[in-house]
Amino acid sequence: MWEAASVPLWYSRADPERCDVVETVFQISDHEFQLISSLVRQRFGIDLGEHKRTLVIARLQKVLREGGFSDFRTYYDYVVNDPSGQALLTMVDRISTNHTFFFREKEHFDFFRTTALPRIVEMIKRKGQKSLRIWSAGCSSGEEPYTLAIVISDYFGESLSGIDAGILATDISVTALEKAKTGVYTKEQIARVPPMYRQRYFIHLQRNSYAVQQSIKDLVLFRRLNLMRKDYPFKERFHAIFCRNVMIYFDYKTRQELLERFHRYMEPGGYLVIGQSESISRSSTLYRYICPSIYQRV
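The model shown is predicted, which means the values in this text are computed figures rather than measured ones.

Some remarks on the overall build of the protein
When helices and strands are tallied, the protein shows 10 helices and 12 strands. Across its three principal axes, the protein shows a C-alpha extent of roughly 70 × 50 × 35 Å. The buried share among the 298 residues of the protein stands at 49%. Relative to all contacts within the protein whose residues are 6 or more apart in sequence, the contacts with residues 24 or more apart total 70%. When the accessible surface of the protein is split by element, carbon and sulfur atoms take 50% of a total near 15,700 Å². In the protein, the 42 positive side-chain charges and the 34 negative ones have mean positions that sit 7 Å from each other.

So, the confidence of the model for the protein
In the predicted model, the protein carries a mean pLDDT of 90, and 92% of its residues have values of at least 70. Segment residues 1-21 is flagged for pLDDT under 50; beyond a separation of four residues in sequence, or across chains, it makes 26 contacts in the model.

Some details on the side chain of Asn 226
With respect to the element layout, Asn 226 can be found in the loop between strand S8 (220-224) and strand S9 (238-243). Judged by relative accessible area, which is 16%, Asn 226 ranks as buried.

Describing the pattern of salt bridges
Taken as a whole and judged by the stated rule, the model has 15 salt bridges. Residue Arg 41 is joined to Asp 47 by a salt bridge in which the shortest nitrogen-to-oxygen separation is 3.5 Å. Exposure remark for Arg 41: the relative accessible area of 32% places this residue in the partly exposed category. Judged by relative accessible area, Asp 47 falls into the partly exposed class, the value being 28%. Notably, a salt bridge pairs Lys 62 with Glu 66, separated by 3.8 Å at the nearest N-O pair. In this pair, Lys 62 and Glu 66 are both assigned in helix H2 (residues 53-67), four residues apart and thus about one turn of the helix distant.

Notes on the environment of Tyr 146
The topology assignment puts Tyr 146 in helix H6 (residues 143-156). Given the relative accessible area of 1%, Tyr 146 is considered buried. As for Tyr 146 and Lys 235, which are separated by 89 residues in sequence, their C-alpha atoms are 23 Å apart. The contact partners of Tyr 146, leaving out residues within four places of it in the chain, are Phe 102, Ala 180, Lys 181, Gly 183, Tyr 185, Val 212, Ile 216, Lys 217, Val 220 and Phe 222.

Parameters at a glance
- Residues numbered from 1 in each chain as written.
- Predicted model: local features only at pLDDT ≥ 70, side-chain atom pairs only at ≥ 80, totals over all residues.
- Heavy atoms only, no water.
- Helix = DSSP H or I, 4+ residues; strand = E, 2+ residues; numbered from the N terminus.
- Buried < 20%, exposed > 50% of the residue type's maximum accessible area, 1.4 Å probe, protein only.
- Contact = heavy atoms within 4.5 Å.
- Areas by Shrake-Rupley, 256 points an atom, 1.4 Å probe, with all protein chains shown as cover.
- Lys, Arg positive; Asp, Glu negative; His and termini not counted.
- Charge placed at Lys NZ, Arg CZ, Asp CG, Glu CD.
- pLDDT = per-residue confidence, 0-100.
- Salt bridge = Lys/Arg side-chain N within 4 Å of Asp/Glu carboxyl O.

Have a look at this one:
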């Protein structure tokens, strides 16, 4: 057995069930981790602290093996020199966390239905606007924007057909967006959806699969977007932005810059909903505190 100090940057581990299969398990040096961390922070704003080292190693193993790379440095060099930018997208796709579920942090959706939506409707009528616009920033595999679409559909009922309502759902992960666009989930993945909504807004396909009703899918537009862009390609402002459990991966400066951009693309009086483990300073001149993790644009 190797001593800790003599373990190479990568080593091979035989599968005990199949002696003919040898799997390469890569380790990462301090310098390599620093290179990858700096690249991801610079391009996507994601702060990979030391506690993320294990995650980086685990999630990039398959990429290194399939690409035939000998170590993380060789892989890093390939990523930064790839003129297409696809290698960089693959890297952040694997690193970014996409854990979510329907009606996650249910209090947010209760507030949205009972308080935010009625006030937004009043705002739209008062300003003579013609559309209701919601943004799910960091939508992952689609559970959040579809939940919003369900709440909106249930709130308006039959009158929804007379309303120009739309939800923009964006994420940095191509894989997550491809999953979201299908609108197909397992029984376990929709377990938190209230029975009434499951019956009304989902179609039982086969075995363990359920599909979101087409009327719900029609309310959501999925697009890839890097939140680190200085400007966003939006023509209209949003009445509410959901950006939950995203800013926890950003450093303070990046969070502040993102909050300023959200402010720029949100209607005055619009709502910003963030994760329950996130917060905005009470001294902020951009947002007014409503309740934990819910703010209103000033």
